[in-house]
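One-letter residues, chain by chain:
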Amino acid sequence: MSTSTDGFGTRAIHAGQDPEPRTGAVAVPVFQTSTYVQEAPGKHSGYEYARTGNPTRDALQTCLASLEGADAGVCFASGLSAEDAVLRLLPPRSRVVIANDVYGGTWRLLDKVHAPMGMDVVAVDMTDLDAVDAAISAPGGEGGFLWVETPSNPLLKITDLTALADIAHNANARLVADNTFATPYLQQPLSLGADLVVHSTTKYIGGHSDVVGGAVCTDEETAEQLRWLQNAVGAVPGPWDAWLTLRGVKTLHVRMDRHCENAHALATWLEGHEQVVEVMYPGLSSHPGHDLAARQMSGFGGMISIRVAGGREAAERMLQRTKHFFLAESLGGVESLIEHPGIMTHASVAGTALEVPDDLVRLSVGIEDLTDLQADLDRALSA
Ligand SMILES: *Cc1c(COP(=O)(O)O)cnc(C)c1O
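Residues numbered from 1 in each chain as written. Predicted model: local features only at pLDDT ≥ 70, side-chain atom pairs only at ≥ 80, totals over all residues. Heavy atoms only, no water.

A.B. asks: Can you explain the site of the ligand? Please cite residues and give values.
C.D. replies: Around the ligand lies a shell of 14 residues, among which G79, D178, S200, T202 and K203 are the nearest. Within the backbone of G79, a nitrogen or oxygen atom sits 2.8 Å from an oxygen atom of the ligand. Within the side chain of T202, a nitrogen or oxygen atom sits 2.7 Å from an oxygen atom of the ligand. When the ligand is considered free in solution it has 380 Å² of accessible area, and contact with the protein chains removes 93% of it. Looking at which element gives the most residues to the shell around the ligand, the answer is helix 3 (residues 79-87), with three residues. Residues belonging to the shell around the ligand are distributed by class as follows: four nonpolar, six polar and four charged. (Near = heavy atom within 4 Å. Polar contact = N/O pair within 3.5 Å; in protein donor to acceptor, adjacent residues only side chain to side chain. Areas by Shrake-Rupley, 256 points an atom, 1.4 Å probe, with all protein chains shown as cover. Helix = DSSP H or I, 4+ residues; strand = E, 2+ residues; numbered from the N terminus. Nonpolar A, V, L, I, M, F, W, Y, C, P; charged D, E, K, R; others polar.)

The following block contains the structure:
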């Protein structure tokens, strides 16, 4: 049992995860079934078909809602299918004002899927609050979304969630926050005024690079519309995926502490490295969003972006020389990953206003021993 007054770690382990009533099983079972028997036509236990509902998925949804301080959570097969469901809440021709350095897949979903169907997609620098206000307040913005990632991906910009929520609400729009990078352990957008939180649970929430998933946490009325879409469109996570994600989230608070500790130490060290031109990490006092991050987050996260001396070639060389940092897309797992956003995760924004520098390298700092990670980067940078 868990209540909303329990601490974060207690809720991560107990919310939605009461022992199974028949056997007392402590771990939520994997309900691997597509359908449920009915007592009489239309008379059932609350579960009738597994696209519509599954108890393993329900446990995960309840747990995530509790961690975000939301009425409800609704889970999807991936972060992008969660985002797609959120975008389907809007009437045709609605406006979505989006940060100009969002996850490349989010941009592709808006620009290549929803814009051609009539959505009015406007990209702005979200740290420029006047530009955001102008974009959403102009005629046609009413009823739309402001869509933000903070920290952003891959430039790790920090945006003021309270200010964005005010701007959105003054324009009769809603604020959607992608909280994948921060996780509910470090930042709670709903408590700062956001209306919906989206997650790629593939990243820190799952935390072990072994499952793809997505979630939306929001108020009950919006969640009801999302559950309708979950069933009508059908991009649901399977029970094993929900179970793995639930297993991962139980240790989110412990992992995040170590991610933050390792990343902060590495960022501080990288700032003094002669092969590094710039370090982007909100925990550094040199970061333009540092004070804001200190106010709206309880830690600075595990992601670092750096610009390497010697341009794209030097960056590509570095990426091929690390041993502990695996060269791979994705982030947020216990193992450290390194990637080149321009070529890899953000290739879909090349040639647009969202293009990223070609000497940029993104690090997802894992929870290995700090000395090994530092030696690995030093070797790769200096070789
Ligand atoms: C990975 C990611 C997504 C997309 O999630 P998938 O689970 O890969 O579909 C969305 N937003 C951010 C910030 C991400 O890192």
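A.B. asks: Report on the sheet that holds strand 11 (residues 337-339), specifying residues and quantitative values.
C.D. replies: Reading across from one edge, 8-9-12-11-10 is the order of the five strands in this open sheet, with mixed pairing throughout. The strands lining the two open edges of the sheet, one partner per strand, are strand 8 (276-280) and strand 10 (326-327). In this sheet, strand 12 (residues 360-364) lies alongside strand 9 (residues 303-308) in antiparallel orientation, the contact comprising five bridges. By the bridge assignment for strand 12, I306 is matched with V361. With respect to the sheet, helix 12 (residues 311-319) is in contact with strand 9, strand 10, strand 11 and strand 12, its orientation differing from that of strand 9 by roughly 130 degrees. (Pairing = 2+ DSSP bridges. Contact = heavy atoms within 4.5 Å. Axes fitted to C-alpha atoms, helices over the stretch in contact; angles between N-to-C directions.)

A.B. asks: An account of the pairing of strand 1 (residues 72-76) is requested, with residue identities and associated values reported.
C.D. replies: Most of strand 1 sits out of view: five of its five residues are buried. Residues of strand 1 alternate between two faces, with A72, V74 and F76 on one and G73 and C75 on the opposite face, all of them buried. The pairing of strand 1 with strand 7 (residues 214-218) spans five bridges and is antiparallel. Counterpart to A72 in the pairing with strand 7 is T218. (Buried < 20%, exposed > 50% of the residue type's maximum accessible area, 1.4 Å probe, protein only.)

A.B. asks: Before we move on, can you summarise the pattern of salt bridges with the specific residues and values?
C.D. replies: Opposite charge on two side chains permits them to pair, given that their charged atoms come into close proximity. Within the structure shown, the criterion is met by twelve salt bridges. A salt bridge links D111 to K112, with the shortest nitrogen-to-oxygen separation between them at 3.1 Å. Under the relative-accessibility criterion, K112 is labelled exposed at 56%. Residue E339 pairs with R362 through a salt bridge whose shortest N-O separation is 3.2 Å. Placement of E339 in strand 11 and of R362 in strand 12 is noted, with a sequence separation of 23 residues between them. For the pair shown, E339 and R362 are each scored as buried. The network of salt bridges with shared partners includes E220, E224 and R227. (Salt bridge = Lys/Arg side-chain N within 4 Å of Asp/Glu carboxyl O.)

A.B. asks: With reference to specific residues and values, describe the nonpolar core.
C.D. replies: Core analysis: the biggest nonpolar cluster contains 62 residues, and L270, V279, I304, I306, M318, V361 and L363 have the highest contact counts within it. Of the residues forming this core, the biggest block, seven residues, is contributed by helix 10 (residues 252-271). Leave out the neighbours within four places in its chain, and L363 touches L270, G302, M303, I304, F325, L337, I338 and L377. Ranked by size, the runner-up nonpolar core spans 45 residues in total, among them V102, V148, A177 and V216. (Core = buried A, V, L, I, M, F, W, Y, C linked by side-chain atoms within 4.5 Å.)

A.B. asks: So, the pairing of strand 7: which residues are in play, and what are the values?
C.D. replies: Among the five residues that make up strand 7, five are buried, leaving the element largely enclosed by the rest of the structure. With five bridges joining them, strand 6 (residues 196-200) and strand 7 adopt antiparallel strand pairing. Across the sheet, the residue bridging to V197 is C217, located in strand 7.

A.B. asks: Would you mind going over helix 13 (residues 370-382) in detail, with residue names and values included?
C.D. replies: Over its 13 residues, helix 13 extends 18 Å from the first C-alpha to the last, a length consistent with the 18 Å expected when each residue adds 1.5 Å. Within the span of helix 13, buried status applies to L373, D376, L377, A380 and L381. For helix 13, the arc enclosing every buried residue in end-on projection is 120 degrees, short of the 170-degree limit, so these residues lie on one face. At its buried positions, helix 13 is contacted by helix 10, strand 8, strand 9, helix 12 and strand 12. (Expected span 1.5 Å × (residues − 1). Arc of directions from axis to C-beta.)

A.B. asks: Explain the sheet that holds strand 7 to me, using residue names and the numbers behind them.
C.D. replies: If you walk across this open sheet you meet the seven strands as 1-7-6-5-4-2-3, and the pairing is mixed. The strands lining the two open edges of the sheet, one partner per strand, are strand 1 and strand 3 (120-124). Shown here is a sheet whose adjacent strand axes are inclined to one another by a mean of 20 degrees, direction ignored. As paired strands, strand 2 (residues 95-99) and strand 4 (residues 145-149) are joined by three bridges and run parallel to one another. Looking at the pairing, I98 lines up with W147 of strand 4.

A.B. asks: Can you lay out the side chain of T56 for me, pointing to particular residues and giving the numbers?
C.D. replies: Examined against the element boundaries, T56 turns out to sit in helix 2 (residues 55-68). When neighbours within four sequence positions are excluded, T56 is seen to be in contact with V28, P29, V30, F31, P239, A242 and W243.

A.B. asks: Provide a residue-level description of the packing of aromatic side chains, including the pertinent values.
C.D. replies: The final tally for this structure, using the stated rule, is three aromatic pairs. Aromatic pair Y36 and Y47: ring centres 5.4 Å apart, planes at 40 degrees, arrangement tilted. Placement of the pair is Y36 in the loop between helix 1 (8-14) and helix 2 and Y47 in the loop between helix 1 and helix 2, with a sequence separation of eleven residues. Judged by relative accessible area, Y36 falls into the buried class, the value being 14%. (Phe/Tyr/Trp six-rings, centres within 6.5 Å; stacked < 30°, edge-to-face > 60°.)

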